[in-house]
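What follows is each chain in one-letter form.
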Amino acid sequence: MTVTVDFSTPNTGSGCNPPDVLVRLELVRPSGTVAATTATCYCSYNARLDAVPINETGTWTMRVRAYEQWVN
């Protein structure tokens, strides 16, 4: 079994149409480890995790972080 996650945010309508907020998506396994991650960039307002294997039972978490909150 796999999962695909699409995320989009409105663009600002200026320059290369940057998103109104930069985000990082993280799909977190029930064990707490990150199964997949991706981020929007300055000229894209879509982020996608495609066909990530669901290989643990339990509750999975989709974490969406705004740029100013990224720890790393």
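The text that follows walks through the structure, step by step, so that each part is easy to find. Keep in mind that what you see is a predicted model, and the values were worked out from it rather than measured.

## Section: the overall build of the protein chain
Here is step 1: Of the regular secondary structure elements, the protein chain holds zero helices and five strands.
Here is step 2: When the helices and strands of the protein chain are listed from N to C terminus, the series reads β-β-β-β-β.
Here is step 3: Out of the 72 residues in the protein chain, the part that is buried amounts to 22%.
Here is step 4: Long-range pairs, those at least 24 residues apart, make up 58% of the contacts in the protein chain between residues at least 6 apart in sequence.
Here is step 5: As presented, the protein chain carries roughly 4,700 Å² of accessible surface, and 50% of it is formed by carbon and sulfur atoms.

## A word on the nonpolar core
Here is step 1: In terms of nonpolar packing, the biggest core is built from eight residues, these being V5, L25, L27, A36, A47, L49, V52 and W60.
Here is step 2: Residue contacts for A47: discarding those within four places in its chain leaves V5, D6, F7, L25, T38 and T40.

## A word on the pattern of salt bridges
A pair can form between side chains of opposite charge whenever their charged atoms are brought close.
Here is step 1: All chains considered together, the criterion is met by four salt bridges.
Here is step 2: Between E26 and R65 there is a salt bridge, and its shortest N-O distance comes to 3.7 Å. Separated by 39 residues along the polypeptide, E26 in strand β2 (residues 23-28) and R65 in strand β5 (residues 61-66) bring together distant segments of the chain.
Here is step 3: In this structure R65 comes out as partly exposed when scored by relative accessible area, which is 23%.
Here is step 4: Each of D6, R48 and D50 takes part in one network of salt bridges that share partners.

Thresholds applied
- Residue indices follow the written sequence of each chain, beginning from 1 at its first position.
- Thresholds applied to this predicted model are a pLDDT of at least 70 for local features of residues and 80 or more for the giving and counting of side-chain atom pairs; totals over whole chains, interfaces and linings are not thresholded and use all residues.
- Only hydrogens and water are set aside; all other atoms, that is, all heavy atoms of the structure, feed into the side-chain values.
- The numbering of helices and of strands both runs from the N terminus, where a helix is a DSSP run of H or I of at least 4 residues and a strand a run of E of at least 2.
- Residue burial is assigned from relative accessible area. The probe radius is 1.4 Å, only protein chains are included, and a residue is buried under 20% of its type maximum, exposed over 50%, and partly exposed in between.
- Should any heavy atoms of two residues lie within 4.5 Å, those residues are considered in contact.
- For the accessible areas, the method is Shrake-Rupley and the probe is 1.4 Å, while residue cover comes only from the protein chains on display.
- For our purposes a nonpolar core is just a set of buried Ala, Val, Leu, Ile, Met, Phe, Trp, Tyr and Cys residues, chained together by side-chain atoms within 4.5 Å.
- Whenever a carboxyl oxygen of Asp or Glu lies within 4 Å of a side-chain nitrogen of Lys or Arg, that contact is scored as a salt bridge.

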